[in-house]
Amino acid sequence: MAKPPVQRRRQALAAIEAEIVKFVLVRGRYGGQLEACRNAQRPDRRLEVLLRLAEFRLAQFYRSRDVLLHGDEGDGRTDLA
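One structure accompanies this document, and this report is about it. What you see is a predicted model; the values in this text were computed from it and never measured. (Residues numbered from 1 in each chain as written. Predicted model: local features only at pLDDT ≥ 70, side-chain atom pairs only at ≥ 80, totals over all residues. Heavy atoms only, no water.)

**Description of the overall build of the protein**
Convention followed: Secondary structure elements follow DSSP: runs of H or I of four or more residues count as helices, runs of E of two or more count as strands, with numbering from the N terminus. Throughout, exposure labels follow a simple rule: accessible area from a 1.4 Å probe, protein chains only, divided by the maximum for the residue type, with under 20% read as buried, over 50% as exposed, and the rest as partly exposed. The contact rule is simple, with two residues in contact once any of their heavy atoms fall within 4.5 Å. Accessibility throughout is a Shrake-Rupley quantity obtained with a 1.4 Å probe, and a residue counts as covered only by protein chains that appear here.
The number of helices and strands found in the protein is two helices and zero strands. Counting the 81 residues in the protein, one finds 26% classified as buried. In the protein, 54% of the contacts between residues at least 6 apart in sequence involve partners at least 24 apart. Total accessible area computed for the protein in this model is approximately 5800 Å², and 56% of it derives from carbon and sulfur atoms.

Take a look at the structure:
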């Protein structure tokens with residue numbers, strides 16, 4: 001598959017990087033809230049689902065970034081740390 005022109009690729013990469021930053025913060029917020037609920041013996045299923053969704057979206061953004069950087073093969077990394 002042909003790569004998009006360099007300028008569009010840079011713009012797409014910048015947009016994806018911004019989403020990654022946003023979702024890392026979201027994941028941290030949900031993770032912290034969920035941990036606080038668990039420590040208080042008040043499990044919150046909604047937060048568990050929101051955390052999983054944030055992690056899923058983050059993995060998708062990492063994959064999209066890899067495709068833009070390395071082509072359809074990517075490098076196989078998910079960087080969920």
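**Considerations on the environment of Lys 22**
Tracing the backbone shows Lys 22 in helix H1 (residues 6-39). Sequence-wise, Lys 22 and Ala 54 are 32 residues apart; in three dimensions their C-alpha atoms are separated by 9.9 Å.

**Re the side chain of Asp 44**
Spelled out, the test is: Neither His nor the chain ends contribute to the count of charged residues, in which Lys and Arg are positive and Asp and Glu negative. Throughout this description, the term salt bridge denotes a Lys or Arg side-chain nitrogen within 4 Å of a carboxyl oxygen of Asp or Glu.
In this structure, Asp 44 sits in the loop between H1 and helix H2 (45-70). With no salt bridge to any partner, buried Asp 44 finds its closest opposite charge in Arg 46, at an N-O distance of 4.1 Å.

**Details of the pattern of salt bridges**
Taken as a whole and assessed by the stated rule, the structure comprises four salt bridges. Residue Glu 17 pairs with Arg 65 through a salt bridge whose shortest N-O separation is 3.6 Å. Highlighted residues: Glu 17 in helix H1 and Arg 65 in helix H2, separated in sequence by 48 residues. Overall, Arg 65 belongs to the buried group, its relative accessible area being 10%. Among the charged side chains, a network of salt bridges with common partners joins Arg 38, Arg 45 and Glu 48.

**A closer look at the packing of aromatic side chains**
Here a ring pair, both rings aromatic, is described through the centre-centre distance and the interplanar angle of the planes. The condition that has to hold: Only the six-membered ring of Trp is used, alongside the rings of Phe and Tyr, when aromatic pairs are assigned; centres must lie within 6.5 Å, and planes under 30 degrees apart are stacked while those over 60 apart are edge-to-face, with the rest tilted.
Taken as a whole and assessed by the stated rule, the structure comprises one aromatic pair. Ring geometry for Phe 23 and Phe 61: centres 5.6 Å apart, planes at 45 degrees, overall tilted. With a gap of 38 residues between them, Phe 23 in helix H1 and Phe 61 in helix H2 connect regions that are remote in the sequence. Classification of Phe 23 by relative accessible area gives buried; the value is 14%. For Phe 61, a relative accessible area of 11% corresponds to the buried category.

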